[in-house]
Amino acid sequence: MDKLIKRTWRHYDKFAKNEHIVKRSIPILYFGDLEAYRKSKHRIITVGLNPSMKEFPSDLQRFKISRNKTIYINSLNDYFKNKPYKWFKSYKHILSGLDASYYPNDTVSSTALHTDLCTPIATNPAWTELVKSRKDIAEDLVSEGCKIWSRLMECLKPHAIICSIAEQHLRRLNIKDKKEIHRIKNKKDGTPRKKPYIFEAYTISFNTGHTSFLFFGQAANTPFGSLSNEDKTKLGKSISKILNNKFRGSSREVRKPLS
């Protein structure tokens, strides 16, 4: 992990002076409590594209701007203790179906971490707009950023990776064995969809030989944004069933709430 942190800062330094990189920011390798994640019943990772510029508002310091390794890691680990950005509520119900959470005071069996596939660097404009306006910069960022993400997965060895992003980004990953695990036919308001929402499972492999399940559903402004909270919870329960069948009989520590 030490080498990966240094690599992440080198990635940041390469682009730090670019006008599209958020000033007074740091690269965010992951969001959440790493130690609690490692002790979880199931190691769960959620995935976005890159950190939001809204993580670094002028009136709130969610992350300490420091290159000291201990301060940096503590800042990442403490993220969900310090008024996290509301975007993370998008994953609340799917994680609940897994008996998992990002948050330190929730009584759950698994603590999830969040990561970003394209780059750990916050941009202005947001990623989708950056791709439209400055595709050259976006491609330079993702060229190294995706490699950093893959190396991070090798370090974290997740059981499940959950992502709700544009499907084109899956092409960057070594995935196979596509399988439909859930089909949702109605919209949030109960009316029929023109096309059903398909939730899929893959196997994803990494250079170290580690394999994980990758669960994918289309995004709509926010992860799983076109689904009701009830449907999101059902997806989480579907994932939980697959993981419990895979790891049945294994003994893992159940996390207790922090005081």
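All values derive from a computational prediction rather than experimental measurement.

Asks: Which parts of the structure should I look at to understand the pairing of strand 3 (residues 110-116)?
Replies: For a regular strand, side chains alternate in direction, first toward one face of the sheet and then toward the other. Within strand 3, seven of the seven residues are buried, which leaves it mostly tucked inside the rest of the structure. Across two bridges, strand 2 (residues 100-101) lies against strand 3 in parallel orientation. In the sheet register, Ala100 faces strand 3, and the bridge partner there is Ser110.

Asks: What am I meant to see in the sheet that holds strand 7 (residues 211-216) here?
Replies: Hydrogen bonds along the backbone pair up the strands of a sheet, which may run parallel or antiparallel. Read from one edge of the open sheet, seven strands run 2-3-1-4-7-6-5, paired in mixed fashion. Looking at which strands have only one partner, the edges of the open sheet turn out to be strand 2 and strand 5 (175-186). Relative to strand 7, strand 6 (residues 192-205) runs antiparallel, the two sharing six bridges. The partner of Tyr202 across the bridge, within strand 7, is Leu214. Relative to strand 3, helix 6 (residues 135-156) is tilted by about 160 degrees, and along the sheet it contacts strand 1 (44-48), strand 3, strand 4 (160-163) and strand 6. Along the sheet, helix 7 (residues 229-246) contacts strand 4, strand 5, strand 6 and strand 7; its crossing angle with strand 5, the most-contacted strand, is approximately 145 degrees.

Asks: What am I meant to see in unusual backbone geometry here?
Replies: Apart from glycine, the bulk of residues carry a negative phi angle, and the bulk of peptide bonds sit in the trans form. Residue Pro125 follows Asn124 across a cis peptide bond; omega there is 15 degrees. Structurally, the position occupied by Pro125 is in the loop between strand 3 and helix 5 (127-133). Positive phi values are uncommon outside glycine, yet Lys157 reaches one of about 45 degrees. The topology assignment puts Lys157 in the loop between helix 6 and strand 4.

Asks: Any chance you could explain the packing of helix 1 (residues 2-15) against helix 3 (residues 69-77) here in plain terms?
Replies: Relative placement of two packed helices is described by the angle separating their axes and the distance separating the axes. Taken N-terminus to C-terminus, the directions of helix 1 and helix 3 make an angle of 90 degrees; their axes are 12 Å apart at the nearest point. In terms of axis orientation, helix 1 runs roughly perpendicular to helix 3. Along the contact surface, helix 1 presents Asp2, Ile5, Thr8 and Trp9, while helix 3 presents Lys69, Tyr72 and Ile73. Tallied by class, residues from the contact of helix 1 with helix 3 come to four nonpolar, one polar and two charged.

Asks: Explain the pairing of strand 7 here, please?
Replies: Two elements, strand 4 and strand 7, share four bridges in a ladder whose sense is parallel. Among the inter-strand pairings, Ala160 is bridged to a residue of strand 7, identified as Phe213. Linkage of strand 6 to strand 7, two consecutive antiparallel strands, is achieved through a turn of five residues, within which Gly209 is found at a positive phi near 95 degrees.

What counts, and at which threshold
Residues numbered from 1 in each chain as written. Predicted model: local features only at pLDDT ≥ 70, side-chain atom pairs only at ≥ 80, totals over all residues. Heavy atoms only, no water. Buried < 20%, exposed > 50% of the residue type's maximum accessible area, 1.4 Å probe, protein only. Helix = DSSP H or I, 4+ residues; strand = E, 2+ residues; numbered from the N terminus. Pairing = 2+ DSSP bridges. Contact = heavy atoms within 4.5 Å. Axes fitted to C-alpha atoms, helices over the stretch in contact; angles between N-to-C directions. Parallel < 35°, antiparallel > 145°, perpendicular 65-115°, else oblique. Nonpolar A, V, L, I, M, F, W, Y, C, P; charged D, E, K, R; others polar.

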